[in-house]
Protein chains: 2
Amino acid sequence: MGTPRSPAPRRPDTGRSVAGRMLAVLGAFDASHRSLTLTALARRAGLPLATAHRLVATLTRWGALERDATGAYHVGLRLWEVAMLSPRGGGVREAALPFMEDLYEATHENVQLAVRDGLEVVYVELISGRSAVQVRTRVGSRWPLHATGVGLVLLAYGPPRLAEQVCARPLRRYTEMTIQDPHRLRAVLAEVRRTGIAVSERQITMEGLSIAAPVRGPGGEVVASLSVVVPAGEGVAPGLIPAVRVAAHGISRTLAA
Amino acid sequence: MGTPRSPAPRRPDTGRSVAGRMLAVLGAFDASHRSLTLTALARRAGLPLATAHRLVATLTRWGALERDATGAYHVGLRLWEVAMLSPRGGGVREAALPFMEDLYEATHENVQLAVRDGLEVVYVELISGRSAVQVRTRVGSRWPLHATGVGLVLLAYGPPRLAEQVCARPLRRYTEMTIQDPHRLRAVLAEVRRTGIAVSERQITMEGLSIAAPVRGPGGEVVASLSVVVPAGEGVAPGLIPAVRVAAHGISRTLAA
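Quantities reported herein were computed from a predicted structural model and do not represent experimental measurements.

**Quick word on the overall build of chain A**
Part 1 of the argument: Helices and strands together make up the secondary structure of chain A, namely nine helices and nine strands.
Part 2 of the argument: Principal-axis analysis of the C-alpha atoms gives chain A an extent of 60 × 40 × 40 Å.
Part 3 of the argument: Taking all 257 residues of chain A together, the buried fraction comes to 56%.
Part 4 of the argument: Residue pairs at least 24 apart in sequence account for 54% of intrachain contacts in chain A once pairs closer than 6 positions are excluded.
Part 5 of the argument: With the model as given, the accessible surface of chain A reaches about 10700 Å², and the carbon-plus-sulfur share is 54%.

Structure follows, in structure tokens:
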């Protein structure tokens, strides 16, 4: 994403730094820190307590943060409402959900939707049957591109430089089946482009097999990937690949409309 | 939500005002303004172009905003990721989705999850069959408490002062069936508390009938409401009320665990 050239601010390190500090407060929250005391917030944001106190008060008044009965802070509903306007988080997800429902009803397996952020996939929606194979993903979680079905799709259809960047770094290993060899990765990506489907078997856990297809935006560019994760070792049930393909096409059509 | 008392900031109108301006930039986006040029953003945020330019650059670098090929800005994926940590947006929704799936599969009607924010309900998740009756809600949309099934539940189980506040104001009318009379509203709320279910018929549109149940948090307090919206005029299908009740209990159990 491009960034406009900033004019030199009149007061060099007020505006910028206060804005940066405010974002540091938001960035202090993560999946294992959903609720933070003011002290913990200040420490994680690397801010003096008084500064954190002032910023947290402003964020809380606006609704970006909420304070619970114990006095701890968590991310607020108003920030969630604004964030749901994100095309890649909220928008694609909104268009995809009905088709994900259909796919879930047809398969009763894990149905996942992911987008690319830099060299990672971010899962924006998951539907899991209680009976379905356990997956290690959650909404908002990030995984490397080479090790997941959705990641292989987003890598195969990403800008040409992307595959080079990924292959230039060590490919992290999760199981003995995780792709380690850049040459093999390039061959897999070529196959994904040829078939329009990525099949990723036992790359993250030894239990899962993922079948992923590209979701295209109005311009025809690949903006997301849809996958079904089934138990590994049982092969790919007939009709599963067409089902994923049809659902992904449906989402693309909705985004184009 | 309480707000900590702020110590007098060393530089009165830098910290606060910059933080406020940054939130004004985020607040410039809404459902009908998901993508904004810098000029439109500055105008909607009430900021000088240079100030908006500087803040937008900071927000874009962090990932709170993203810039598309046309140069327009939209809410970024990183802000969405942080916002998904919101207990009321992301958390309750995450716990609820599997049960909402089950309810959708059992009914093939609209399944909705909402939380209260002040005097309004905010829908945090919707599952709609393409065959289901058209509803006017979307994820993130707000409606008054008195006119929706989920709203009646959140009102019935809200703090005592809440019903007084709502009854003290004019009750907005959407159809000839919308509750207008405060006395009738109080009677309806008593019935909701007695039965643990709210039935709202044709209050928002003449087509919809909503059946809503409370979702309770770990402390037993009502934190959300789950509803099914079916076509009005066909009465309530047998088993529909128990189905909503069971799904809502399931979500409450998950939140308690």
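This is not the end of the story, as more comes after the structure.
**Here we look at helix α3 (residues 49–62) of chain B**
All names here are of chain B.
Part 1 of the argument: The first and last C-alpha atoms of α3 sit 20 Å apart over 14 residues, in line with the 20 Å expected at 1.5 Å per residue.
Part 2 of the argument: Within α3 the residues assigned to the buried category are T51, A52, H53, R54, L55, V56, A57, T58, L59, T60 and W62.
Part 3 of the argument: Phi turns positive one or two residues past the end of α3, at G63, with a value near 105 degrees.

**So, the confidence of the model for chain A**
Part 1 of the argument: Confidence in the prediction for chain A averages 86 pLDDT; 91% of positions are at 70 or higher.
Part 2 of the argument: Every residue in residues 1–16 of chain A scores below 50 in pLDDT, and together they form 29 contacts with partners more than four places removed in sequence or on other chains.

**Here's the deal with the interface of chain B and chain A**
Part 1 of the argument: Contacts between the two partners involve 76 residues from chain B, matched on the other side by 78 residues from chain A.
Part 2 of the argument: Summed over both sides, the interface between chain B and chain A buries roughly 6900 Å², with carbon and sulfur atoms accounting for 63% of that surface.
Part 3 of the argument: Across the contact surface, chain B and chain A share seven salt bridges.
Part 4 of the argument: A salt bridge links R93 of chain A to E125 of chain B, with the shortest nitrogen-to-oxygen separation between them at 2.5 Å.
Part 5 of the argument: If you look at where chain B meets chain A, you find 10 residue pairs in polar contact (both at pLDDT 80 or more).
Part 6 of the argument: Of all the elements in the fold, those that place two or more residues in the side of chain B that touches chain A are α1 (12–27), α3, β2 (65–67), β3 (73–75), α4 (77–83), α5 (87–107), β4 (110–117) and β5 (120–127) of chain B.
Part 7 of the argument: Residues belonging to the side of chain B that touches chain A are distributed by class as follows: 38 nonpolar, 17 polar and 21 charged.

**Some details on the sheet that holds strand β3 (residues 73–75) of chain A**
Residue and element names in this part refer to chain A.
Part 1 of the argument: Reading across the sheet, the three strands line up as β1-β3-β2 and stay open at both edges, with antiparallel pairing between neighbours. Looking at the sheet topology across the chains shown, the edges are occupied by β1 (35–36) and β2 (65–67).
Part 2 of the argument: Examined bridge by bridge, β2 and β3 share three bridges and lie antiparallel to one another. From the neighbouring strand, E66 faces β3, where its bridge partner is H74.

**Comments concerning the packing of helix α2 (residues 38–45) of chain A against helix α3 (residues 49–62) of chain A**
All names here are of chain A.
Part 1 of the argument: Close contact between α2 and α3 brings their axes to 9 Å; oriented N to C, the two are set at 110 degrees. If you check the angle between α2 and α3, you find them roughly perpendicular. Listed contacts from α3 to L38, T39, L41 and A42 of α2 are L49, A52, H53 and V56.
Part 2 of the argument: The class makeup of the residues in the contact of α2 with α3 is six nonpolar, two polar and no charged.

**So, the pairing of strand β8 (residues 208–216) of chain A**
Residue and element names in this part refer to chain A.
Part 1 of the argument: Counting buried positions along β8 yields eight of nine residues, so the element is predominantly enclosed.
Part 2 of the argument: Where strand β7 (residues 198–201) lies against β8, four bridges are found, and the strand directions are antiparallel. Within β8, the position partnered with E201 by the bridge is L209.
Part 3 of the argument: From the end of β7 to the start of β8, which pair antiparallel, there are six residues, and R202 there has a positive phi angle of about 55 degrees.
Part 4 of the argument: For β8 and strand β9 (residues 222–231), the ladder comprises nine bridges, and the chain directions are antiparallel. Bridged to A213 within β9 is L226.
Part 5 of the argument: Connecting β8 to the antiparallel partner β9 that follows it, the hairpin turn spans five residues, and G220 within it adopts a positive phi of roughly 90 degrees.

**A closer look at the relation of the copies chain B and chain A**
Part 1 of the argument: Take chain B, turn it by 180 degrees, move it 0.0 Å along the axis, and it overlays chain A with an RMSD of 0.1 Å. Within this description, the copies of the chain are treated as partners about a two-fold rotation axis.
Part 2 of the argument: In this assembly the copies share their binding face: 100% of the residues contributing to the interface of chain B also contribute to that of chain A.

**Description of the packing of aromatic side chains**
Part 1 of the argument: All chains considered together, the criterion is met by two aromatic pairs over all chains.
Part 2 of the argument: Positioned over the ring face of Y157 of chain A is R216 of chain A, at 5.2 Å from the centre of the ring.

**Concerning the pattern of salt bridges**
Part 1 of the argument: Within the structure shown, the criterion is met by 21 salt bridges over all chains.
Part 2 of the argument: Note that R194 of chain B is salt-bridged to E191 of chain B, the shortest N-O span being 2.7 Å. One end of the pair, R194 of chain B, and the other, E191 of chain B, are both in helix α8 (residues 182–195), three residues apart, so they sit about a helical turn from each other.
Part 3 of the argument: Overall, R194 of chain B belongs to the exposed group, its relative accessible area being 62%.
Part 4 of the argument: Shared partners join several salt bridges into a network, and the residues in it are E66 and E81 of chain A together with R88, D117, E120 and R142 of chain B.

**Observations concerning the nonpolar core**
Part 1 of the argument: L226 of chain A together with L226 of chain B are the most contacted members of the largest nonpolar core, which has 124 residues in total.
Part 2 of the argument: Of all hydrophobic cores here, the second largest spans 54 residues; its members include L23 and L36 of chain A together with A19 and A64 of chain B.

**Brief notes about the packing of helix α5 (residues 87–107) of chain A against helix α9 (residues 240–256) of chain A**
Residue and element names in this part refer to chain A.
Part 1 of the argument: The geometry of α5 relative to α9 is characterised by a closest axis approach of 9 Å and an angle of 155 degrees between their N-to-C directions. Accordingly, the angle class assigned to the pair α5 and α9 is roughly antiparallel. Of the two possible hands of crossing, α5 and α9 adopt the one that is right-handed. Residue-level inspection shows V92, A95, A96, F99, L103 and T107 of α5 in contact with α9, the latter providing L240, A243, V244, A247, G250, I251, T254 and L255.
Part 2 of the argument: For the contact of α5 with α9, the per-class residue count stands at 11 nonpolar, three polar and no charged.

What counts, and where the lines are drawn
- Residues numbered from 1 in each chain as written.
- Chains lettered and ligands numbered in written order.
- Predicted model: local features only at pLDDT ≥ 70, side-chain atom pairs only at ≥ 80, totals over all residues.
- Heavy atoms only, no water.
- Helix = DSSP H or I, 4+ residues; strand = E, 2+ residues; numbered from the N terminus.
- Buried < 20%, exposed > 50% of the residue type's maximum accessible area, 1.4 Å probe, protein only.
- Contact = heavy atoms within 4.5 Å.
- Areas by Shrake-Rupley, 256 points an atom, 1.4 Å probe, with all protein chains shown as cover.
- Expected span 1.5 Å × (residues − 1).
- pLDDT = per-residue confidence, 0-100.
- Buried area = accessible area lost by both parts, 1.4 Å probe.
- Salt bridge = Lys/Arg side-chain N within 4 Å of Asp/Glu carboxyl O.
- Polar contact = N/O pair within 3.5 Å; in protein donor to acceptor, adjacent residues only side chain to side chain.
- Nonpolar A, V, L, I, M, F, W, Y, C, P; charged D, E, K, R; others polar.
- Pairing = 2+ DSSP bridges.
- Axes fitted to C-alpha atoms, helices over the stretch in contact; angles between N-to-C directions.
- Parallel < 35°, antiparallel > 145°, perpendicular 65-115°, else oblique.
- Least-squares fit on C-alpha atoms with pLDDT ≥ 70 in both.
- Phe/Tyr/Trp six-rings, centres within 6.5 Å; stacked < 30°, edge-to-face > 60°.
- Lys NZ or Arg CZ within 6 Å of the ring centre and 35° of its normal.
- Core = buried A, V, L, I, M, F, W, Y, C linked by side-chain atoms within 4.5 Å.
- Left-handed = near helix turned anticlockwise from the far one by under 90°.

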